[in-house]
Number of protein chains: 2
Amino acid sequence: MARPKRTTKEKLLDAAEKLFARKGFHATSLREITGEAGVDLALVNYHFGGKKPLFAAILERRGAVLNEERLRRLTAVRRAAAPQAVSPEAVIGAFFDPILDFLDHAGPGWHSYFSLLAWVNNSPEWGRRLMSKTFDATVREFIRALMESLPGAAPEDIFWGYNFLTGALTLSLAETGRLDVLSDGLCRSNDVAALRARLGPFVAAGLRGLAQRGARSGQAQS
Amino acid sequence: MARPKRTTKEKLLDAAEKLFARKGFHATSLREITGEAGVDLALVNYHFGGKKPLFAAILERRGAVLNEERLRRLTAVRRAAAPQAVSPEAVIGAFFDPILDFLDHAGPGWHSYFSLLAWVNNSPEWGRRLMSKTFDATVREFIRALMESLPGAAPEDIFWGYNFLTGALTLSLAETGRLDVLSDGLCRSNDVAALRARLGPFVAAGLRGLAQRGARSGQAQS
DNA sequence: ACTAGACTTCAACGGTCGTTCAATACAAGT
DNA sequence: ACTTGTATTGAACGACCGTTGAAGTCTAGT
């Protein structure tokens, strides 16, 4: 192998990431995970302390990388636009592009990771606390940037707009295959290029529409 | 009680709907469900034949009602606009409003049902087949209507646009509470009026933006 | 060579799961 | 009153779950 080696921890993280993404948390057993990873069952508890901590570790591993890259791009587009305010399209790009780039160029682990993120984002259980813990700081920074890029919009519209934005992203990353069925094969859920070409324009137009609606109905902030 | 009675089947459907929506399929046991419903454990298998068929029955029960109401409104807006083509806003309204109206005026069961829908929509497992079986026919009708309302748009843009649309809806129905946290209480996930005021404008603007993008890049259909 | 510590293996624990089945209760038809 | 079919009960089944602990292996440091 080209790589020097893969530690037991990494093997477990990779296998669990893949299986959790495919079947969810409760439907995946530790025996499946350790079987896929080729290690002993007890090693999950030795290295991570249990099933839930393993899940948390998966979320954090690539979450930290994603946050860093997102913030890096956000400051980049801000500097490029200075001293003028950055455009909503640029902010949205800084938010989406790291995901799309990782899907394009990085390994298949990122694919599983984003499917997993889509799963936990809509999971009604404890997973959301992990979600907040990992991503809230970065997300708040992006919401702030969106407000700056759309100074006419009410804060409520930005918050709700972010909600819609992340919902559209989430369902796309889940790759449900629904799109393939409904379009009779014309579109494919895993077509990153097609997603890249449309997701940004869609949500940018949506946010601008929301901002206009707020201004038109005269409920803009004082 | 005002209602004449509730059959065992209905008690089970209601209890399971509530618990599945809150914790997901695998994390909810039949013993919890029958306990909540106040009936014997074995009755699930007697009346429905198992846990999965129970889940399917939940999906179908209100799904049929929702489909009927959606199609009713779609034909209404089509007739109101005839002989001209219906606007995308009207199509989107016929798609969203039944959900929002049920949330407003119908019982709490609908609330659980839509949370459950959000859950199964992003569930990477067998649930999606049920989803397709229940909703695909109606959804195809709405996609056709969207194409008519945006004649300049490429079919691919409509399909992807529907994907984003339903993603935004799905995350909103899931009521993750994320919105409440991120906005420091300014917005509330369960504020149906706030959602109603923003979801339609957002996705309508997004779809129009997608259509313009397609036309601008010259890849519209011949 | 020996020891200390990190890592791995193996077998088993108690608990909960979905499902089954024989026995019982109930309601309606005759 | 008796029969028939539907509905309900209670107890139990085998399977699988996450977790644990004791024993074994491997790797450095001295």
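In case you missed it, the structure is sitting above this.
Just so it is clear, the model here is predicted, and its values are computed rather than measured.

(A) Broad picture of the relation of the copies chain B and chain A. In the superposition of chain B on chain A (RMSD 0.1 Å, axial shift 0.0 Å), the rotation amounts to 180 degrees. With respect to symmetry, the two chain copies, as superposed, fit the operation of a two-fold axis. With an isologous cut-off of 70% or more, the 100% of interface residues of chain B that recur at the interface of chain A puts this contact in the isologous class.

(B) Fine view of the nonpolar core. By size, the foremost hydrophobic cluster in this structure holds 142 residues, and its most contacted members are Phe114 of chain A together with Phe114 of chain B. The residues contacting Phe114 of chain B, other than those within four sequence positions of it, are Leu66, Ile99, Phe102, Leu103 and Leu173 of chain B.

(C) Representation of the packing of aromatic side chains within the structure. Applying the stated criterion to the full structure yields 25 aromatic pairs over all chains. Measuring from ring centre to ring centre gives 5.1 Å for Phe95 of chain A and Phe142 of chain A, while their planes differ by 65 degrees; the resulting arrangement is edge-to-face. Here the residue Phe95 of chain A occupies a position in helix α5 (residues 88-105), and Phe142 of chain A occupies one in helix α7 (residues 127-149), the gap between them amounting to 47 residues. Both residues of the pair, Phe95 of chain A and Phe142 of chain A, count as buried. Measuring from ring centre to ring centre gives 4.2 Å for Phe102 of chain A and Trp110 of chain A, while their planes differ by 20 degrees; the resulting arrangement is stacked. The exposure class assigned to Phe102 of chain A is buried, which follows from its relative accessible area of 17%. On the accessibility criterion, Trp110 of chain A (8% relative accessible area) is buried. Ring pairs connect the aromatic residues Trp160, Phe164 and Phe202 of chain A together with Trp160, Phe164 and Phe202 of chain B, which therefore count as one cluster. Over the ring of Phe95 of chain A we find Arg70 of chain A, and its NZ or CZ is 3.7 Å from the ring centre. Over the ring of Phe25 of chain B we find Lys51 of chain B; its NZ or CZ atom is 4.5 Å from the centre of that ring.

(D) Seen up close, the interface of chain B and chain A. Taken together, the contact between chain B and chain A spans 64 residues of the former and 64 residues of the latter. Overall, the association of chain B and chain A removes approximately 5400 Å² of surface from exposure, summing both partners, and the carbon and sulfur fraction of that is 67%. Where chain B meets chain A, there are 6 salt bridges. A salt bridge links Arg178 of chain A to Asp136 of chain B, with the nearest nitrogen and oxygen atoms 2.8 Å apart. For the pair chain B and chain A, the interface holds 12 residue pairs in polar contact (both at pLDDT 80 or more). Looking at the side of chain B that touches chain A, the elements that each hand over two or more residues are α1 (8-23), α6 (108-121), α7 (127-149), α8 (155-174), α9 (178-182) and α10 (192-216) of chain B. For the side of chain B that touches chain A, the leading source of residues is α8 of chain B, giving 17 residues. A breakdown of the residues in the side of chain B that touches chain A according to their chemical character gives 33 nonpolar, 16 polar and 15 charged.

(E) Focus on the protein's contact with DNA strand C. Taken together, 16 residues are adjacent to DNA strand C, and Thr8 and His47 of chain A together with Leu30, Arg31 and Lys51 of chain B come closest. Near-protein atoms of DNA strand C (within 4 Å) split between backbone and bases, with sugar and phosphate holding 48%. Taking His47 of chain A, its side chain carries an N or O atom lying 2.8 Å from a phosphate oxygen of DNA strand C. One of the side-chain N or O atoms of Ser29 of chain B is found 3.3 Å from a phosphate oxygen in DNA strand C. Counting only elements with at least two residues in the surface near DNA strand C, the list comes to α3 (43-47) of chain A together with α2 (30-37) of chain B. Considering every element that reaches the surface near DNA strand C, the biggest residue donor is α3 of chain A, with 3 residues. Across the surface near DNA strand C, the residue classes break down as 6 nonpolar, 6 polar and 4 charged.

(F) Representation of the protein's contact with DNA strand D. In the region of DNA strand D, 16 residues are neighbours, and Leu30, Arg31 and Lys51 of chain A together with Thr8 and His47 of chain B sit closest. Each atom of DNA strand D within 4 Å of the protein belongs either to a base or to sugar and phosphate, the latter forming 51%. One nitrogen or oxygen atom from the side chain of Lys51 of chain A is found 2.7 Å from a phosphate oxygen belonging to DNA strand D. Separating a phosphate oxygen of DNA strand D from a side-chain N or O atom of Thr8 of chain B is a distance of 2.7 Å. Contributing elements (two or more residues each) for the surface near DNA strand D: α2 (30-37) of chain A together with α3 (43-47) of chain B. The element contributing the most residues to the surface near DNA strand D is α3 of chain B, with 3 residues.

Rules used in this analysis
- Residues numbered from 1 in each chain as written.
- Chains lettered and ligands numbered in written order.
- Predicted model: local features only at pLDDT ≥ 70, side-chain atom pairs only at ≥ 80, totals over all residues.
- Heavy atoms only, no water.
- Least-squares fit on C-alpha atoms with pLDDT ≥ 70 in both.
- Contact = heavy atoms within 4.5 Å.
- Core = buried A, V, L, I, M, F, W, Y, C linked by side-chain atoms within 4.5 Å.
- Buried < 20%, exposed > 50% of the residue type's maximum accessible area, 1.4 Å probe, protein only.
- Phe/Tyr/Trp six-rings, centres within 6.5 Å; stacked < 30°, edge-to-face > 60°.
- Helix = DSSP H or I, 4+ residues; strand = E, 2+ residues; numbered from the N terminus.
- Lys NZ or Arg CZ within 6 Å of the ring centre and 35° of its normal.
- Buried area = accessible area lost by both parts, 1.4 Å probe.
- Salt bridge = Lys/Arg side-chain N within 4 Å of Asp/Glu carboxyl O.
- Polar contact = N/O pair within 3.5 Å; in protein donor to acceptor, adjacent residues only side chain to side chain.
- Nonpolar A, V, L, I, M, F, W, Y, C, P; charged D, E, K, R; others polar.
- Near = heavy atom within 4 Å.

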